[in-house]
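Structural overview for review
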Amino acid sequence: MSPLCQRAGSSCGACCGLYNREDHHRPAVEALLASQTEELAGAPRTLEGFRAAAARLAGRDAAPLFPSVRLCPLLGYLDPARTRIGCLAHPLVTRGLDLRDCGAYDVRTCDSFLCPSHAWLSEEEAALVAAVCGPDWYLYGLTVTDVPFVRAALAGVAALAGVLPGLRHLDHAGFREALHRLFALKEELAPGSEGLYGAFRPGPDGEPVPRRIDYAALGRDRASAHDALLTCVGADPRSGNDLDALEEEVRRRLDACARALPRGA
Ligand code: SF4
Ligand code: SF4
């Protein structure tokens, strides 16, 4: 599979710590990337220059939510329009020295790491996520790193429409937009919600703990028909979300996808 990190129309920085903070909502993350990009633009492109800039930036950051994923200050915008994010210390970006040793890891780690989605997503699924999210790097990174969410979303549409959505359906703009709205559930959760991280939340020691919706505690005798999708978006009320409202929203967005799915494609 082509790497998921930098695709023709999409980019991700999740494993560089992009969302691994208390406030991981879009405006906060955009502001962080802007400040890292500006600081590094003014830094000499030398190991000493980048190390000093990285130390200044790291001093401004809060502690990570999941300590096993570090917060790297060398992630930033790669283009003036801010449609692509990536490593500002990579030799393709610096057009010279490899400065990744100045970041949260080292060159060898950054070069060799591929997140589990590279093994789990099929090429068709990966291309579909990229085509739906496009240059919206914030949503792309949240979606491409949550394979259970992608599969639950596509299976939810298939259950209603009788056809598993694929790349061939995305030529239809109405369906592509409906699927984008479905994926965007990931970023429209209650303030303080942990749902961005999929079916996990940080445990007491910062390690990921699987999330489960406690239906019995809510007086329900069975799980929702959309349990997989709801669990991935953090619908457990203990995470700060309203399960009933989110379930209704999931239903609405799945229905919209099923209605828009082009028949016979
Ligand atoms: S989280 Fe995965 S897709 Fe995203 S930048 Fe890291 S390795 Fe690439
Ligand atoms: S130095 Fe490594 S961790 Fe930091 S932004 Fe670059 S690739 Fe990500």
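This text gives an overview of the structure that appears in the document. (Residues numbered from 1 in each chain as written. Chains lettered and ligands numbered in written order. Predicted model: local features only at pLDDT ≥ 70, side-chain atom pairs only at ≥ 80, totals over all residues. Heavy atoms only, no water.)

Let's shift gears to the site of ligand 1. Contacts to ligand 1 come from Leu4, Cys5, Cys12, Ala14, Cys15, Cys115, His118 and Thr145. Mapping ligand 1 onto the cavity grids shows that it belongs to the largest pocket. Here the shell around ligand 1 is built from residues that sort into 6 nonpolar, 2 polar and no charged. (Near = heavy atom within 4 Å. 1 Å grid on protein atoms, 1.4 Å probe; cavity = no way out; pocket = protein on both sides within 12 Å on 5 of 7 lines; lining within 4 Å. Sits in = over half its atoms within 2 Å of the grid points. Nonpolar A, V, L, I, M, F, W, Y, C, P; charged D, E, K, R; others polar.)

Scanning the entire structure with this criterion turns up 17 salt bridges. When the shortest N-O distance is used, the salt bridge between Glu125 and Arg151 registers 2.7 Å. Taken together, the residues Glu125 in helix α6 (residues 123–133) and Arg151 in helix α8 (residues 147–161) connect sequence positions 26 residues apart. Given a relative accessible area of 15%, Glu125 falls into the buried group. As a salt-bridge pair, Arg253 and Glu249 come within 2.8 Å of each other at their nearest N and O atoms. With a gap of 4 residues between them, Arg253 and Glu249 both fall in helix α11 (residues 243–260), about one helical turn apart. Each of the two residues, Arg253 as well as Glu249, counts as buried. Put simply, Arg220, Asp244, Glu247, Glu248 and Arg251 are held in one network by salt bridges that share partners. (Salt bridge = Lys/Arg side-chain N within 4 Å of Asp/Glu carboxyl O. Helix = DSSP H or I, 4+ residues; strand = E, 2+ residues; numbered from the N terminus. Buried < 20%, exposed > 50% of the residue type's maximum accessible area, 1.4 Å probe, protein only.)

Our focus in this paragraph is the site of ligand 2. Surveying the vicinity of ligand 2 reveals the residues Cys16, Cys72, Leu74, Leu75, Cys87, Arg100, Tyr105 and Cys110. Here ligand 2 is seated within the largest pocket.

Another aspect to go through is the packing of helix α1 (residues 26–41) against helix α7 (residues 137–144). α7 packs onto α1 with a crossing angle of 110 degrees between their chain directions and a minimal axis gap of 11 Å. As summarised for this structure, α1 and α7 are arranged roughly perpendicular, according to the angle between their axes. Between α1, through Arg26, Val29, Glu30 and Leu33, and α7, the contact on the second element is made entirely by Trp137, Tyr138 and Leu139. Among the residues making up the contact of α1 with α7, the classes are represented as 5 nonpolar, no polar and 2 charged. (Axes fitted to C-alpha atoms, helices over the stretch in contact; angles between N-to-C directions. Parallel < 35°, antiparallel > 145°, perpendicular 65-115°, else oblique. Contact = heavy atoms within 4.5 Å.)

At a closest axis distance of 11 Å, the pairing of α8 and helix α9 (residues 173–183) adopts a crossing angle of 130 degrees. Taken together, the axes of α8 and α9 lie oblique to each other. The handedness of the crossing between α8 and α9 comes out as right-handed. Of the residues in α9, those in contact with Phe149, Ala153, Leu154 and Val157 of α8 are Phe175, Leu179, Leu182 and Phe183. A per-class count over the contact of α8 with α9 returns 8 nonpolar, no polar and no charged. (Left-handed = near helix turned anticlockwise from the far one by under 90°.)

With that settled, the discussion passes to the side chain of Arg21. Its place among the elements puts Arg21 in the segment before α1. Residue class for Arg21 comes out buried when judged on its relative accessible area of 8%. Only 2.8 Å separates the side chain of Arg21 from the backbone oxygen of Gly17, close enough to count as a polar contact. (Polar contact = N/O pair within 3.5 Å; in protein donor to acceptor, adjacent residues only side chain to side chain.)

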